[in-house]
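# Structural characterization, general
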Amino acid sequence: MSEWLTKTLTLNTGAKVPIVGLGVFVSRDPVEQAKATSWVLTALQAGYRHIDTAWIYGTEKPVGEAIKASGIPREELFVTTKLPWNHTKRVQWSIDQSLKNAGLDYFDLYLVHWPHSVAYDENESRPRNPDGQIKLDETGNFNDTWAEMEKVLASGKVKAIGLSNFSVKTMEELFKTAKVMPAMLQVEMHPYLAQNELLAYCKEKGITVTAYAPTGYATVREDPTVGEIASHYGATPTQVILSWHVGRGVVVVPKSADAGRQKENCQILNLSEADVQIINGLERNQRICNKPDEFGNVSGWSMERLGWM
């Protein structure tokens, strides 16, 4: 087992979060979602102790099944899930659904998945308007949602609460009413989208950052500069990129259903300062996972409204 699977960062709650975790995002196909049980179990058997899921991924149940099958004591695991954007008016109900799905008594971390709210439809988590855009619910706001998240925290059903896809702009608005400081912010982050200002802001506030899509997919992994550095270390581009994140004090949750790549992803390198600076130079503010659509929006909100400009 890689030593990096036991390395942790300390949240502002005092809890320890493994710095390398497993992301459990899959397609909307129920068959693919069900398959996650086997590869999450493979990761747990390889030593992973941090699992990142979400209600909207449809993988809370497979994650719970894998945890049960692993026989690993619950207290040795760190499990994250997320409040979906269509449940922002029913937060207490939603956390109960997530716990039921996973068969768990609590989650270690519960994130507000997006700053905006989507209209509730029990049969469709991504309802659309006639023009094809996401159907938003503008009758509430994330300040109200956070107040409900604080109640979930007080209930003991989760050990910490945090945010996903928020920006400095949206967090500043949230902090006008928040009583509890978020323990975590999860955002898209990779060498093409280093989010330097956001990372510095979070460190100043004591908020730990997790990178999703941390390798930047093939777009970044196949960058010649990354390839050259990988060759120098006798490593893979993925290992170089994940090592760059860890060196910045950022948690990573790469997704892989392949046992070999799961092991590869936790082999963290000690990059030289010169190589770190070279990777830093790849920054181009390029979103790869969640980029603007033909309307210039990301899931219904403009880049300006998200604070992603």
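Nothing here was measured: the structure is a model prediction, and the numbers come from that model.

Criteria and cut-off values
Residues numbered from 1 in each chain as written. Predicted model: local features only at pLDDT ≥ 70, side-chain atom pairs only at ≥ 80, totals over all residues. Heavy atoms only, no water. Buried < 20%, exposed > 50% of the residue type's maximum accessible area, 1.4 Å probe, protein only. Helix = DSSP H or I, 4+ residues; strand = E, 2+ residues; numbered from the N terminus. Pairing = 2+ DSSP bridges. Right-handed = clockwise from strand over helix to strand, strands pointing away. UniProt positions renumbered as here; feature names shortened; annotations may be inferred. Polar contact = N/O pair within 3.5 Å; in protein donor to acceptor, adjacent residues only side chain to side chain. Contact = heavy atoms within 4.5 Å.

On to the pairing of strand E7 (residues 161-164). Neither face of E7 is open: one carries Ile161 and Leu163, the other Gly162 and Ser164, and all of them are buried. Judged from the three bridges that link them, strand E6 (residues 109-112) and E7 form a sheet pairing that is parallel. Each bridged residue has a counterpart across the sheet, and for Leu111 the counterpart in E7 is Gly162. Two elements, E7 and strand E8 (residues 184-188), share two bridges in a ladder whose sense is parallel. Residue pairing in the sheet places Ser164 in a bridge with Gln186 of E8. In this view, the connection linking E7 to its parallel neighbour E8 by way of helix H5 (residues 168-174) has right-handed handedness.

Per the UniProt record, "domain: NADP-dependent oxidoreductase" (unreviewed entry) is found at residues 29-282. Between the C-alpha atoms that bound residues 29-282 there is a distance of 35 Å. The span itself is 44% helix and 11% strand.

So, on to the sheet that holds strand E3 (residues 22-23). Judged by pairing direction, the sheet is parallel, and its eight strands sit side by side in the order E3-E4-E5-E6-E7-E8-E9-E10 without closing on themselves. The open sheet has two free edges, formed respectively by E3 and strand E10 (251-252), since each of these has just one partner strand. Sheet topology note: the E8/strand E9 (residues 208-212) ladder contains five bridges and is parallel. Paired with Val187 across the strands is Ala211, a residue of E9.

Along the chain, Thr215 turns up in the loop between E9 and helix H7 (217-221). Put simply, Thr215 and Tyr233 are 18 residues apart on the chain and 17 Å apart in space, counted from C-alpha to C-alpha. Reaching out from Thr215, the side chain makes a polar contact with the backbone nitrogen of Tyr217 at a distance of 3.2 Å. Reaching out from Thr215, the side chain makes a polar contact with the side chain of Arg221 at a distance of 2.9 Å.

Summarizing the sequence annotation, UniProt attributes the feature "binding site: substrate" (unreviewed entry) to His113 in the numbering used throughout. A relative accessible area of 8% places His113 in the buried class. Not counting residues within four places of it along the chain, the set of residues in contact with His113 comprises Ala54, Ile56, Tyr57, Lys82, Leu83, Pro84, Ser164 and Asn165.

This brings us to the pairing of E8. Within a regular strand, the side chains alternate between the two sheet faces. Along E8, five of the five residues are buried, which leaves the element largely enclosed by surrounding structure. In E8, alternate side chains face the same way, and those of Met184, Gln186 and Glu188 on one face and Leu185 and Val187 on the other are all buried. Of the crossover connections in this fold, the one passing from E8 over helix H6 (residues 196-205) to the parallel E9 is right-handed.

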